[in-house]
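Residues per chain, in single letters:
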Amino acid sequence: MYTTLISAEQLQALQASQRPLRIFDCSFDLMQPQTGKQHYLEAHIPGAVYANLDTDLSAKHGVPGTHGVVTAGGADQPASGGRHPLPNREKFAIWLSSVGFTNDMQAVVYDRNGANYCGRLWWMLKWAGHEAVAVLDGGLQAWQAAGGAVTGGEEASHFQSTFFPGPEKTRLVSAPTIVSQLGRPSQTLIDARAPARFRGEVEPLDPVAGHIPGALNRPFSQNLGADGKFKPAAQLKAEFEALLGSRDPASVVHHCGSGVSAVPNLLAMEIAGLGRAGLYAGSWSDWCSDPNRPVAQG
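Overview of the structure. (Residues numbered from 1 in each chain as written. Predicted model: local features only at pLDDT ≥ 70, side-chain atom pairs only at ≥ 80, totals over all residues. Heavy atoms only, no water.)

### A short note on the sheet that holds strand β10 (residues 216-217)
Step number 1: Taken together, five strands build an open sheet; the order of strands is β8-β12-β11-β9-β10 and the sheet is parallel. A single partner strand is all that each edge strand has here, and the edge strands are β8 (171-172) and β10.
Step number 2: Bridge count for β8 against strand β12 (residues 278-279) is two bridges, and the pairing is parallel. Bridged to R171 within β12 is G278.
Step number 3: On the sheet, helix α8 (residues 233-244) packs against β9 (188-191), β10 and β11 (252-255) and is oriented at approximately 120 degrees with respect to β9.
Step number 4: Running at roughly 145 degrees to β11, helix α9 (residues 263-271) makes contact with β9, β11 and β12 of the sheet. (Pairing = 2+ DSSP bridges. Helix = DSSP H or I, 4+ residues; strand = E, 2+ residues; numbered from the N terminus. Contact = heavy atoms within 4.5 Å. Axes fitted to C-alpha atoms, helices over the stretch in contact; angles between N-to-C directions.)

Okay, here's the thing in structure tokens:
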């Protein structure tokens, strides 16, 4: 079972072994949402299912109604707030079943965006109780550099399966919990956004600039080396320990703009042997939606 990273060579061996396997391409672009699917159609690992951040890995966004924005409810009730609200576990299981994913499969997720988007699916599968999921280290670029085959166009549809969610293997943290623990040693917030956004100097996506008071800043890209792969475990451990100082790694809650690019930090801590931290999936986009919540800048 692969639970954190898998190399291109290991994935090739896994394919040859004929073990139950499903590969997911999570390529995406926040500024041009259609680009990810276009890149998938141009080239992807044979057999890979395309997982769209907006439509497959997020709940329905609010829609305009007669009296304002109507949010999804009932069976579509999201599990978090923010620009990319998590679908509830039941809706996510329905999507997994629709692409033929089963509980006995090893999942491998990748993108061509520095693990920015595939981490979302890695985390969601853990959240659904599925431990056998790994990120392809280095993404599609590493796969092609290792001689891995690619194909274009749509893949054949998979037969409907039944995926059964199990006990959650991740910690989903809500805004009220963040608020109740602000300033306490029991909670350490790490923000994965770029430094300028963290400091509130620019804000290209959300209505308010700044960060949650007391948060530390570690841009998710710092987890990768020049080759696009995650840094060695010892190096990641040293860097996170330097960032945390005397703070307990078990107290960490990761967040970013909308709960997506925070996951590479969470994964990096796990690779480093520092445990599986919490995730505030709503992140800054959810936090700043309430004018009563404090905002820090600088």
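### Quick word on the pattern of salt bridges
Here the idea is simple: oppositely charged side chains can pair when their charged atoms come close.
Step number 1: Per the stated rule, a full pass over the model turns up 16 salt bridges.
Step number 2: Across the salt bridge formed by R276 and E131, the nearest N and O atoms sit 2.7 Å from each other. A residue pair is termed long-range when its members are at least 10 positions apart, and R276 in the loop between α9 and β12 and E131 in the loop between α4 (118-127) and β7 (133-136) qualify at 145 residues.
Step number 3: Residue classification places E131 among the partly exposed residues on the basis of a relative accessible area of 21%.
Step number 4: Residues E239 and K231 are paired through a salt bridge, measuring 3.0 Å at the closest nitrogen-oxygen approach.
Step number 5: The exposure class of K231 is buried, given its relative accessible area of 17%.
Step number 6: Through salt bridges that share partners, R83, D191, R193, R197, E203 and D206 make up one connected network. (Salt bridge = Lys/Arg side-chain N within 4 Å of Asp/Glu carboxyl O. Buried < 20%, exposed > 50% of the residue type's maximum accessible area, 1.4 Å probe, protein only.)

### Considering helix α1 (residues 8-17)
Step number 1: Burial in α1 covers these residues: A8, L11 and L14. One side of α1 holds all its buried residues, which, seen down the axis, span an arc of 115 degrees.
Step number 2: Looking at the buried residues of α1, the elements they touch are β1 (5-6), β2 (21-25), β6 (106-110), β7 and α5 (139-145).
Step number 3: Once α1 finishes, Q18 follows within two positions and takes phi at roughly 65 degrees, a positive value. (Arc of directions from axis to C-beta.)

### Some remarks on the side chain of T170
Step number 1: Within the element layout of this structure, T170 appears in the loop between α5 and β8.
Step number 2: Here T170 is in contact with W123, K126, W127 and R276, once residues within four sequence places are set aside.

### Describing the sheet that holds β1
Step number 1: Taken together, five strands build an open sheet; the order of strands is β1-β7-β6-β2-β3 and the sheet is parallel. The sheet is open, and its two edges are formed by β1 and β3 (49-50), each paired on a single side.
Step number 2: Both β1 and β7 contribute to a ladder of two bridges, which runs parallel. Residue L5 lies in a different strand from β7, and its bridge partner there is V135.

### Observations concerning unusual backbone geometry
Note on backbone geometry: most residues besides glycine have negative phi, and most peptide bonds are trans.
Step number 1: Phi is positive for Q18, close to 65 degrees, though the residue is something other than glycine.
Step number 2: Tracing the backbone shows Q18 in the loop between α1 and β2.
Step number 3: Taking the relative accessible area as the measure of exposure, Q18 reaches 67% and is therefore exposed.
Step number 4: Of note, A115 is a non-glycine position whose phi angle comes to about 65 degrees, a positive value.
Step number 5: Structurally, A115 is set in the loop between β6 and α4.
Step number 6: Here A115 falls in the buried class, since its relative accessible area comes to 11%.

### Here we look at the nonpolar core
Step number 1: By size, the foremost hydrophobic cluster in this structure holds 71 residues, and its most contacted members are L11, F24 and L121.
Step number 2: Element by element, the count of residues in this core is highest for α4, at seven residues.
Step number 3: Every residue in contact with L121, bar those within four places of it in the chain, is listed here: F24, C26, A51, L57, F92, W95 and V109.
Step number 4: Ranked by size, the runner-up nonpolar core spans twelve residues in total, among them V173, A215, V253 and W287. (Core = buried A, V, L, I, M, F, W, Y, C linked by side-chain atoms within 4.5 Å.)

### Regarding the packing of aromatic side chains
Each aromatic ring pair is described using two quantities: the centre-to-centre distance and the angle formed by the ring planes.
Step number 1: Evaluated as defined, the whole model comprises seven aromatic pairs.
Step number 2: Judged by centre distance (5.6 Å) and plane angle (70 degrees), the rings of F28 and Y117 are edge-to-face. Of this pair, F28 sits in the loop between β2 and α2 (35-42) while Y117 sits in the loop between β6 and α4; the two residues are 89 residues apart in sequence, bridging distant segments of the chain.
Step number 3: When its relative accessible area of 3% is taken as the criterion, F28 is described as buried.
Step number 4: Between Y40 and Y50, the aromatic rings sit 5.3 Å apart at their centres with planes inclined by 40 degrees, giving tilted as the arrangement. (Phe/Tyr/Trp six-rings, centres within 6.5 Å; stacked < 30°, edge-to-face > 60°.)

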